[in-house]
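So the chains spell out like this:
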Amino acid sequence: MNFAVRLEPTSASPPVVEYCWDTDTDILAARLDATPEQAEGVSGSVELEGTDGSWLIFDVRRGRISGIEIAVWPDVHRNAALAPPGAQQDALVLVPLVANGSGQGSLEIEAPIRAEADDAERVIYFRIGQKREVRAVRLARDLLLELDSQSSIAGLWLLNVPPFPAS
């Protein structure tokens, strides 16, 4: 799996993430505050398809990740001891999409995806690809990316996820 991003240092506060459950489809969406007006880059999406049929869709606006949707869930493994990584770097994450004829960019990648959640399902972790050494980068206040040594996305942490609404 190779979905490499570029990092730029930032002194700004991490953006707020808003989680929203779609109760009809079980889709969980994480939306970030608006992308800065000075941001430049291609808009579009990066779809990570798990080998089990699961989907993580990264929405990209002007070269920045503006949202993530978990469209089809893999089997979620319970881990009572699941805890996000301690030290995280705050950074701007730039997604190098290439525009197609419509000016939009898209990328589809197939990779194994493993999902884990704590007992309350308030912390959800997706490991993308094989287990490897990673570092954590804060994309938003409650959203972390794990990057490997080639700056490819290797994991995604969703923190303080609201419970699925009762039917």
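Residues numbered from 1 in each chain as written. Predicted model: local features only at pLDDT ≥ 70, side-chain atom pairs only at ≥ 80, totals over all residues. Heavy atoms only, no water.

*Asks:* Quick rundown of the overall build of the protein? Include the residues and the values.
*Replies:* A count of helical and extended segments in the protein gives zero helices and 14 strands. Along the protein, from the amino end to the carboxyl end, the secondary structure elements read β-β-β-β-β-β-β-β-β-β-β-β-β-β. Whereas a compact globule of 167 residues would reach a radius of gyration of roughly 15 Å, the protein reaches 15 Å, a difference of no more than 12%. Among the 167 residues that make up the protein, the fraction classed as buried is 46%. When contacts within the protein are restricted to residue pairs at least 6 apart in sequence, those whose partners lie at least 24 apart make up 64%. (Helix = DSSP H or I, 4+ residues; strand = E, 2+ residues; numbered from the N terminus. Rg over C-alpha atoms; globule rule 2.2 N^0.38 Å. Buried < 20%, exposed > 50% of the residue type's maximum accessible area, 1.4 Å probe, protein only. Contact = heavy atoms within 4.5 Å.)

*Asks:* Break down the pairing of strand 4 (residues 43-49) for me, citing the residues and quoting the values.
*Replies:* When you tally the buried positions in strand 4, you get six out of seven residues, the bulk of the element. The sheet contact formed by strand 4 and strand 9 (residues 104-110) spans seven bridges and is parallel. Each bridged residue has a counterpart across the sheet, and for S45 the counterpart in strand 9 is S106. Looking at chain direction, strand 4 and strand 5 (residues 55-61) are connected through six bridges and run antiparallel. By the bridge assignment for strand 5, E47 is matched with I57. Counting the residues that bridge the hairpin from strand 4 to strand 5 gives five residues, and of these G53 lies at a positive phi of roughly 95°. (Pairing = 2+ DSSP bridges.)

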